[in-house]
Amino acid sequence: MSRLELKIPPLLLMLIFAVLMFGCTHLLPLWQFIPVDFVFWRAGLAGAWCAAGILIALLGVITFRRAQTTVNPLNPKAASQLVQQGIFRYSRNPMYLGMLLVLFGWSLWLADVSAFVPLPFFVWYLHQFQIKPEERALTTLFGDAFLQYQQKVRRWL
């Protein structure tokens, strides 16, 4: 177990990466693929991805609330049941998928290739220090039911 596991709330992590992406575009610009003057294109593309991400994440939160289980990602051992309905039929981590889509939309708004560079690190960090510990906790709590769920539903999409 690493000291970083379950320490940074994923929403805060997303905000940290959003700032990092902004910094990349200003400190290490590579190539601006949508001219700044094309505001409507940028806003439309970015807005669509962000809206999709927010919707997917909210569907995850709503499904957890309806199941009356915790939405606190820092304490997965507090889960009262294994949620497999709704959006969780398609993704085991819709909230994290939603965050990634919002960050992708943000990178489109920033319109520089350098904004995309942090995205794989966001996925890696979430996988290593959030998702893996959650999966261990859920395996302990729900045993074979969680293992079967893992076989049926992908981690992201």
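Keep in mind that this is a model prediction, so the values were computed, not measured.

### Quick notes on the packing of aromatic side chains
Applying the stated criterion across every chain, the model contains seven aromatic pairs. Taking the centre distance of 5.4 Å and the plane angle of 70° together, the rings of Phe-17 and Phe-122 count as edge-to-face. In this pair, Phe-17 sits in helix 1 (residues 10-27) while Phe-122 sits in helix 4 (residues 119-142), placing the two residues 105 residues apart along the sequence. Looking at Phe-17, the relative accessible area reads 10%, which means it is buried. With a centroid separation of 5.5 Å and 65° between ring planes, the pair formed by Phe-104 and Phe-116 is classed as edge-to-face. Taken together, the residues span a long stretch of sequence, with Phe-104 in helix 3 (residues 94-110) and Phe-116 in the loop between helix 3 and helix 4 at a distance of 12 residues.

### A look at the pattern of salt bridges
By the definition in use, this model includes three salt bridges. As a salt-bridge pair, Arg-136 and Glu-5 come within 2.6 Å of each other at their nearest N and O atoms. Here Glu-5 lies in the segment before helix 1 and Arg-136 lies in helix 4, a separation of 131 residues in the sequence. Accessibility expressed as a relative area gives 43% for Arg-136, which makes it partly exposed. Across the pair Glu-135 and Arg-155 runs a salt bridge, and its minimum N-O distance is 2.8 Å. You can see Glu-135 sitting in helix 4 and its partner Arg-155 sitting in the segment after helix 5 (144-152), a full 20 residues away along the chain. By relative accessible area, Arg-155 is classed as partly exposed at 27%. Each of Arg-92, Glu-135 and Arg-155 takes part in a single network of salt bridges with overlapping partners.

### Describing the state of the cysteines
Evaluation of the coordinates by the stated rule reveals zero disulfides. Between Cys-24, a free cysteine, and Cys-50, which holds the nearest cysteine sulfur, the sulfur-to-sulfur gap is 17 Å. Assessed through its relative accessible area of 13%, Cys-24 is described here as buried.

### Overview of helix 4
It helps to recall that an α-helix has 3.6 residues per turn; residues three or four apart then point in one direction. In the structure, helix 4 departs most strongly from a straight axis at His-127, where the bend amounts to approximately 40°. Just past helix 4, the residue Gly-143 takes up positive phi, approximately 50°.

### A closer look at the side chain of Asn-93
Relative to the helices and strands, Asn-93 resides in the loop between helix 2 (39-66) and helix 3. Accessibility expressed as a relative area gives 8% for Asn-93, which makes it buried. Within the local environment of Asn-93, its side chain forms a polar contact with the backbone oxygen of Arg-155, the two atoms lying 2.9 Å apart. Once you skip the residues sitting within four places of it in the chain, Asn-93 turns out to touch Ile-131, Glu-134 and Arg-155.

### So, the packing of helix 1 against helix 3
When two helices pack together, their arrangement is given by the angle between the helix axes and by the axis-to-axis distance. Relative orientation of the contacting elements helix 1 and helix 3 amounts to 20°, with a least axis distance of 10 Å. Accordingly, the angle class assigned to the pair helix 1 and helix 3 is roughly parallel. Where helix 1 crosses over helix 3, the two elements pack in a sense that is right-handed. For the pair helix 1 and helix 3, the contacting residues are Pro-10, Leu-11, Met-14, Phe-17, Ala-18, Met-21, Phe-22 and Thr-25 in the first and Tyr-96, Met-99, Val-102, Leu-103, Trp-106, Ser-107 and Leu-110 in the second. Of the residues contributing to the contact of helix 1 with helix 3, the split by class is 13 nonpolar, two polar and no charged.

### A closer look at the side chain of Ser-114
Along the chain, Ser-114 turns up in the loop between helix 3 and helix 4. Note on Ser-114: relative accessible area 3%, which makes it buried. The contacts of Ser-114, once residues within four sequence positions are left out, are Cys-24, Thr-25, Leu-28, Pro-29 and Leu-30.

How each quantity is defined
Residues numbered from 1 in each chain as written. Predicted model: local features only at pLDDT ≥ 70, side-chain atom pairs only at ≥ 80, totals over all residues. Heavy atoms only, no water. Phe/Tyr/Trp six-rings, centres within 6.5 Å; stacked < 30°, edge-to-face > 60°. Helix = DSSP H or I, 4+ residues; strand = E, 2+ residues; numbered from the N terminus. Buried < 20%, exposed > 50% of the residue type's maximum accessible area, 1.4 Å probe, protein only. Salt bridge = Lys/Arg side-chain N within 4 Å of Asp/Glu carboxyl O. Disulfide = S-S within 2.5 Å. Bend = angle between axes of the 7 residues up to and from the residue. Polar contact = N/O pair within 3.5 Å; in protein donor to acceptor, adjacent residues only side chain to side chain. Contact = heavy atoms within 4.5 Å. Axes fitted to C-alpha atoms, helices over the stretch in contact; angles between N-to-C directions. Parallel < 35°, antiparallel > 145°, perpendicular 65-115°, else oblique. Left-handed = near helix turned anticlockwise from the far one by under 90°. Nonpolar A, V, L, I, M, F, W, Y, C, P; charged D, E, K, R; others polar.

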